[in-house]
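# A structural walkthrough
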Amino acid sequence: MSVKKRLGWIGIGNMGAPMAARLCEAGYEMTVCGSGRRDLSGYAAQTGASLAKNPAELACRADVIFTMIPNGEILLEIAEQLASVPLTGKILIDMSTVDPESSQKAAETVGRAGGSFLRAPVTGSTHFAKTGTLGIMVSGERALFEQCLPYLQVLGNRQTYLGPGEEARVMKLLINMLLAQELQALSEALVLGQKLGLPRAEMLDLIADSAAGAPIYQYKKGTLRQRDFTPTSTGYNMYKDMKMAMALAAASGTAVPTAAVTMQMYNTLMAMGLGRMDNTSICLVNERLNQPYAQPTNSED
């Protein structure tokens, strides 16, 4: 009978917190620490997880370590801290959205300390993290993926293996590039329709229910109808992911003209100070470029 692995989680944020909690609820022994300085004692008491002071301490107490952090720079810092202790037989599963170059460097750092590295970025927002219905795209050693599948099945209802290297990183960025373009296209249609006198709520319902209706339209139509820009994923995150996708296109010599226009719009979103609002605040950018409409119900101020 195999011994149940001890788990660790680094990055208890909007996505990481409900994901780690699901593994606790599934009965796994869990140690957590933040990627910053936030006090996690309340979270530990609520979930039954233990606390570690830093990634190195966590690595000593866990066999399988998950990370869900904001960017590749932080991932590399965490990988260096983990690698300060022996990682022989241990696995790092990074579920963040980061660039392939940082991911490869993290894999090399973990490997030098004797550990293994699996890329497992997700698609879905906080709601899907709480319900365990995330989509998970995975790359790394196939045997490692199969070994870690029981944990991934707690976190998501779809797991797709893509290859031995950075394929999961590329796929995640392609999906987010498409999402950014879909939100920009929706914003343009809403602005045009409003200027021609169509009611916003009905437009949102009809678009979401049409052949042009991407799943994100159905998911976001309620908050867009209410002009509620409370973030589930921020405009900054979309801007960041678009920058990484555009870098991939440039490095591969691939022309992505509609994505390039959308990138300009997210540059404008950041210049307008909307980065901390929901990624649907791209609608506000399009409105302000045409004529002013009512302001959001929850501004940053």
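Coordinates for the structure precede this section.
Thresholds applied
Residues numbered from 1 in each chain as written. Predicted model: local features only at pLDDT ≥ 70, side-chain atom pairs only at ≥ 80, totals over all residues. Heavy atoms only, no water. Core = buried A, V, L, I, M, F, W, Y, C linked by side-chain atoms within 4.5 Å. Buried < 20%, exposed > 50% of the residue type's maximum accessible area, 1.4 Å probe, protein only. Helix = DSSP H or I, 4+ residues; strand = E, 2+ residues; numbered from the N terminus. Salt bridge = Lys/Arg side-chain N within 4 Å of Asp/Glu carboxyl O. Phe/Tyr/Trp six-rings, centres within 6.5 Å; stacked < 30°, edge-to-face > 60°. Axes fitted to C-alpha atoms, helices over the stretch in contact; angles between N-to-C directions. Parallel < 35°, antiparallel > 145°, perpendicular 65-115°, else oblique. Contact = heavy atoms within 4.5 Å. Nonpolar A, V, L, I, M, F, W, Y, C, P; charged D, E, K, R; others polar. Left-handed = near helix turned anticlockwise from the far one by under 90°.

### Structural notes on the nonpolar core
The biggest cluster of nonpolar side chains holds 36 residues, and the ones touching the most others in it are W9, M19, L23, M30, F66, I93 and M95. Secondary-structure elements contributing two or more residues to this core are strand 1 (7–10), helix 1 (16–25), strand 2 (30–33), strand 4 (64–67), strand 5 (91–94), strand 8 (134–139) and helix 7 (142–155). Counting residues in each nonpolar core, the second largest holds 31 residues, with L173, M238, L269 and L284 among its members.

### Structural notes on the pattern of salt bridges
Summed over all chains, the structure comprises 13 salt bridges. The salt bridge partner of R169 is E166, with a shortest N-O separation of 4.0 Å. Residues joined by salt bridges that share partners form a network here, namely D94, R119, E166 and R169.

### As for the packing of aromatic side chains
Centre-to-centre distance and the angle between the planes together describe a pair of aromatic rings. Taken as a whole and assessed by the stated rule, the structure comprises 6 aromatic pairs. Their ring planes at 50 degrees and their centres at 5.6 Å tell us that F128 and Y219 sit as a pair that is tilted. Of the two residues, F128 sits in helix 6 (residues 126–131) while Y219 sits in helix 10 (residues 215–225), which places them 91 residues apart along the sequence. Here Y236 and Y239 contribute two aromatic rings whose centre-to-centre distance is 6.1 Å and whose plane-to-plane angle is 45 degrees, an arrangement assigned as tilted.

### Observations concerning the packing of helix 12 (residues 257–271) against helix 13 (residues 282–290)
Two packed helices can be described by the angle between their axes and the distance between those axes. At a minimum axis distance of 9 Å, the contact between helix 12 and helix 13 shows a crossing angle of 90 degrees. What the angle tells us is that helix 12 and helix 13 run roughly perpendicular. Contacts between helix 12 and helix 13 involve M265, Y266, T268 and L269 on the former and, on the latter, I282, V285, N286 and L289. Class assignment of the residues belonging to the contact of helix 12 with helix 13 gives a composition of 6 nonpolar, 2 polar and no charged.

### Concerning the environment of C283
Position of C283 relative to the elements: it lies in helix 13. Among the residues examined, C283 registers a relative accessible area of 4% and is labelled buried. The sequence separation of C283 and Y217 amounts to 66 residues, and the corresponding C-alpha distance is 12 Å.

### Overview of helix 13
All of the buried residues along helix 13 are I282, C283, L284, V285, N286 and E287. Considering only its buried residues, helix 13 is in contact with helix 8 (167–195), helix 9 (200–208), helix 10 and helix 12.

### A closer look at the packing of helix 8 against helix 13
Close contact between helix 8 and helix 13 brings their axes to 9 Å; oriented N to C, the two are set at 40 degrees. Classified by the interaxial angle, the pair formed by helix 8 and helix 13 is oblique. Once helix 8 is placed against helix 13, the crossing between them reads as right-handed. When helix 8 is examined against helix 13, the residues L183, Q184, S187, E188, L190, V191, Q194 and K195 are found in contact with a partner set consisting of I282, C283, N286, E287 and N290. Among the residues forming the contact of helix 8 with helix 13, the class breakdown is 5 nonpolar, 5 polar and 3 charged.

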